[in-house]
Amino acid sequence: HYFIQSNLRMVMDVRTRQIEAIKHMLNLNSPKPENTWKILVFDEYGRDIIAPLLTVKELRECGVTLNLLISDKRDPIPDVPVVYFVMPNKTNIDLISSDCKNQMYEKFYINFITAVSRHLLEDLAQMTIDSDSVFKIEKIFDQYLSFCMLEQNLFTVSAYDSEICSYHALNRPDAKDPDIEKCINTIVDSIFSLFVTLKELPVIRCPKGNAAGIVAENLEKKMRDARRDPKSGF
């Protein structure tokens, strides 16, 4: 868990802007109001991001008639569009492609919590082409929202699977390099998402020679790369 040490205006902006980003996503990422009823399908990460921000009543005001876990058994609702809010991993890609194949919903608006890799996008494209269901996919977005606001000035980088990314995971005697790398990448993605949401570039200060230093170096590189990409949030 991390405290945001900043002035009150910026603290309020983080939570407010994340809520605005979620509502924009639920409006089918359209700048104009979309009076469309829809299904929201999320994984555990997406659920834990949305839960502290929006009540069931507020979701309904955004046109969400039903919210479901992607891993649960779900009935087809072929005349209603669906908004996915999930992490970009193979399990979720397989489930989305299966939903397309079975024509579970009318149109598919796929929102990844953090940036999806090229090979996963290619896998999704190939599977939907093979099942002749690629026409179901309306839009795909990287949302950069992989942090969870628990309180007004407190956020966590991994609300669902805390054992993957924790002080213990980084410092336990039997920690393996792939596990440490996964934890560091999760932290970097979350802090990066935070500043994409704020549309701010931070001043990074940290000690060298430990995990914090590696996080800082990777975060700086990610931000430099994003500045060169016109499609990034900066």
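Along every chain, residues carry numbers that run from 1 in the direction the sequence is written. Under the rules for a predicted model, residues below a pLDDT of 70 receive no local features and side-chain atom pairs below 80 are neither given nor counted, while totals for whole chains, interfaces and linings still include all residues. Each side-chain value is worked out from all heavy atoms of the structure, with water and hydrogens disregarded.

(A) Structural view of the overall build of the protein. Along the backbone of the protein there are 8 helices and 8 strands. Looking at the 234 residues of the protein, the share that counts as buried comes to 43%. Residue burial considers only the protein chains on display, and all accessible areas are found by Shrake-Rupley using a 1.4 Å probe. Within the structure as shown, the protein displays about 13,200 Å² of accessible surface, and the carbon and sulfur contribution to it stands at 52%. For the purposes of this entry, the term helix denotes a DSSP run of H or I that reaches at least four residues, the term strand denotes a run of E that reaches at least two, and both are numbered from the N terminus. Using a 1.4 Å probe on the protein chains alone, a residue whose accessible area is under 20% of its type maximum counts as buried, one over 50% counts as exposed, and one in between counts as partly exposed.

(B) Spotlight on the confidence of the model for the protein. Scored between 0 and 100, pLDDT is the confidence that the predictor attaches to each residue. Within the protein, residue pLDDT values average 87, and 90% of them lie at 70 or more. Below pLDDT 50 for its whole length, residues 1–8 participates in 18 contacts with residues either more than four positions away or in separate chains. Contact criterion: two residues are considered in contact whenever any of their non-hydrogen atoms come within 4.5 Å of each other.

(C) Highlighting the sheet that holds strand E3 (residues 64–69). Only when DSSP finds a minimum of two bridges between them are two strands counted as paired. An order of E3-E2-E4-E5-E6 is seen for the 5 strands of this open sheet, with the pairing classed as parallel. Sheet topology places E3 and strand E6 (137–142) at the edges, where each strand pairs with a single neighbour. Within the sheet, the average angular offset between the axes of one strand and its neighbour, ignoring direction, is 15°. Taken strand by strand, helix H4 (residues 90–101) contacts strand E4 (82–86), strand E5 (108–112) and E6, and its axis lies near 175° from that of E5. Axis definition: a line fitted to C-alpha atoms, over the contacting stretch in the case of helices. Angles run 0 to 180 degrees between N-to-C directions.

(D) Region of interest: the side chain of Ser 133. Mapped onto the elements, Ser 133 comes out in the loop between helix H5 (118–130) and E6. A polar contact of 2.6 Å, which involves the side chain of Ser 133, links it to the side chain of Ser 131. Setting aside anything within four residues of it in sequence, one finds Ser 133 in contact with Cys 100, Lys 101 and Thr 128. We call two N or O atoms a polar contact when they sit within 3.5 Å, provided that within protein one can donate a hydrogen and the other can accept it, with sequence-adjacent residues counted only if both atoms are side-chain atoms.

(E) Examining a nonpolar patch on the surface more closely. A surface patch of nonpolar side chains, about 300 Å² in accessible area, is lined by Ile 129, Val 134 and Phe 135. Relative to the helices and strands, Val 134 resides in the loop between H5 and E6. Within this analysis, patches are made of residues with over 30% relative accessible area and no salt bridge. Like charges are joined at 9 Å or less; nonpolar side chains (Val, Leu, Ile, Met, Phe, Trp, Tyr) at 5 Å or less. What makes a salt bridge here is a side-chain nitrogen of Lys or Arg within 4 Å of a carboxyl oxygen of Asp or Glu, nothing more.

(F) Looking closely at the pattern of salt bridges. Evaluation of the coordinates by the stated rule reveals 9 salt bridges. Where Glu 122 meets Arg 118, a salt bridge forms, and the shortest distance between an N and an O atom there is 3.1 Å. Placement of both Glu 122 and Arg 118 in helix H5 is noted, with a separation of 4 residues, approximately one turn of the helix. Glu 122 gets classed as partly exposed once you look at its relative accessible area, which sits at 44%. Salt-bridge contacts for Arg 224 lead to Glu 220; the nearest nitrogen and oxygen are separated by 3.1 Å. Taken together, the positions of Arg 224 and Glu 220, both in helix H8 (residues 211–228) and 4 residues apart, correspond to about one turn of that helix. Given the relative accessible area of 49%, Arg 224 is considered partly exposed.

(G) Highlighting the nonpolar core. We define the nonpolar core as a collection of buried residues of types Ala, Val, Leu, Ile, Met, Phe, Trp, Tyr and Cys that are connected through side-chain atoms lying within 4.5 Å of one another. With 42 residues, the main nonpolar core has Ile 22, Leu 26, Leu 40, Ile 50, Leu 54 and Phe 85 as its most contacted residues. For this core, the secondary-structure elements that each account for two or more residues are helix H1 (8–26), strand E2 (38–42), helix H2 (44–50), E3, E4, helix H7 (177–198) and H8. Tallying contributions element by element places H7 first for this core, with 10 residues. Contact partners of Leu 54, with chain neighbours within four places excluded, come to Ile 19, Ile 22, Lys 23, Leu 26 and Leu 59. Among the nonpolar cores identified, the runner-up in size contains 19 residues, and Val 80, Val 82, Ile 110 and Ile 137 belong to it.

(H) Main features of the pairing of E6. Two elements, E5 and E6, share 5 bridges in a ladder whose sense is parallel. Directly across from Asn 111, in E6, lies its bridge partner Phe 141. As a crossover connection, the stretch from E5 through H5 into E6 is right-handed. Handedness of a crossover is defined as follows: orient the strands so they point away from the viewer, and if the path from the first strand over the helix to the second runs clockwise, the crossover is right-handed.

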